[in-house]
Amino acid sequence: MRYLLLALFAITVAGCQPDKTTSLPAAPSPEQDPAPVIDMHTSRVALDWAGMYEGLLACADCAGIHTQLTLEPDGRFEIVTRRLVRAAEPSSARGQFEWKPDGNTIVLDAEGAGQRYAVGEGRLLLLETGQTQPAWDRAEATLAQSRPEWRSTRQNLGDILEDHRWTLAHATDAANQRIDTLLVEAERSFAFNFAGSHLHVQGGCNGFRGAFATDADGMLEVTGTMGTLMACATPLMEADATLSALMAEPLETVVVRGVQPRLILLTPAGDALVLTGELTPEARFGAPTTVFLEVAPQAVACEASMRGDGLCLQVREQTFDERGLRAGTPSEWQAFTADIEGFQHEPGIRNVLRVKRFEPADGSEMPHGPIYVLDLVVESEVVPQ
């Protein structure tokens, strides 16, 4: 019996030993490939890419496609597009996107037409078919990530118009052909300034003013326009006439937000005016101080010139009373090292300018001193040499 028990124990122990024909998992040898290493420098890992992106993408038969693309951290997306055509309705789609193995590119699913975007710091670039290397200089293919400073408390159309100075950058007709008569000289591009209920347009030959109003549907109407009556070269006169005709009827507006926002004005005839916006000093710094500066007919040499030619304006401050008459004694003449935005000095002409001076409300200093912006030319006189 004793020997029988020992035999059974030996059999049991033997049955618990590993089968010599079965391979157990082995530790990786030095010759084997190591575990995959995650690249911490890819857009997917290194960037805060989730959020909403907005921009104006290229369009073959219209002035552009206003596009808003939202990427969620869980891989969902929503895209809203609107062709820049009068009364066009926006379209939207939702779906999933996936990251390509490079970690720098995403692909939308079929709901997003399979579009591919390169992901950069605060921006997306729509890639063309077969394109592998992003060309970030293509503004017509770039969407910018929305930032908190773009979402100010002033969100209605009238406030957005007033908070920016708008410059005409592009204009097309109903056939999406460039309107050359409006884009004569780059240095004389039309600039739109909205203030209160008034619009002031400069550029071309003659500036003009009028009243404007907007409604809840984003329509802009300009009425009661009046302009100066100077005579200029024919192309500039034609530019004035073309712009006045395009703005004679209510305009549909589209606003594309960004560091440099864009305002698109769509006419009933199918024309599109694309303007770029820059925040006004009022929007950046608050209410200005109004000063009157008399500008001498000749500039003087100065070391602190900002003009690039070593010259500075000669100015002295004037005072006017409530009736618009000179009061008190003007200050001493001095070299004026700052620039007056909107003012072009011509040698031999004396001017008295009403100027807006902007300084930070908190009393801090600007890097280059106060900002001066021309408000009105009060007097202008040719001074014989």
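Please read these numbers as outputs of a predicted model, since none were measured by experiment.

Engineer: Explain the overall build of the protein here, please?
Structural biologist: In terms of helices and strands, the protein carries 5 helices and 23 strands. Considering the protein as a whole, with its 385 residues, one finds that 36% of them fall into the buried category. Pairs at least 24 residues apart make up 48% of the contacts formed inside the protein by residues separated by at least 6 positions. Split by element, the accessible area of the protein, about 23,300 Å² in all, is 53% carbon and sulfur.

Engineer: I'm lost on the nonpolar core in this one. Help?
Structural biologist: One recurring pattern in soluble globular proteins: nonpolar side chains tend to sit buried together. Counting residues in hydrophobic clusters, the biggest one holds 28 residues, and the most contacted among them are Leu182, Phe192, Leu243 and Leu273. Among all residues touching Leu182, those that are not within four sequence positions of it are Leu168, Ala171, Phe190, Ala239, Thr242, Leu243, Leu246 and Leu273. Core analysis: the next-biggest nonpolar cluster, separate from the first, contains 17 residues, Trp49, Leu57, Leu71 and Ala93 among them.

Engineer: Got a minute to help me understand helix α4 (residues 234-246) in this structure?
Structural biologist: Residues that lie three or four places apart on an α-helix share one face, since the helix turns once every 3.6 residues. Counted at 1.5 Å a residue, the expected span for α4 with its 13 residues is 18 Å, and the 18 Å between its end C-alpha atoms agrees. Burial in α4 covers these residues: Leu236, Ala239, Asp240, Leu243 and Leu246. Seen along its axis, α4 keeps its buried residues to an arc of 135°; they face one direction. α4 presents Thr234 and Ala245 as exposed residues on the side facing more than 90 degrees away from its buried surface. Looking at the packing, one finds that the buried side of α4 touches β10 (191-195), β11 (198-202), β12 (208-214), β14 (251-256) and β16 (272-279).

What counts, and where the lines are drawn
Residues numbered from 1 in each chain as written. Predicted model: local features only at pLDDT ≥ 70, side-chain atom pairs only at ≥ 80, totals over all residues. Heavy atoms only, no water. Helix = DSSP H or I, 4+ residues; strand = E, 2+ residues; numbered from the N terminus. Buried < 20%, exposed > 50% of the residue type's maximum accessible area, 1.4 Å probe, protein only. Contact = heavy atoms within 4.5 Å. Areas by Shrake-Rupley, 256 points an atom, 1.4 Å probe, with all protein chains shown as cover. Core = buried A, V, L, I, M, F, W, Y, C linked by side-chain atoms within 4.5 Å. Expected span 1.5 Å × (residues − 1). Arc of directions from axis to C-beta.

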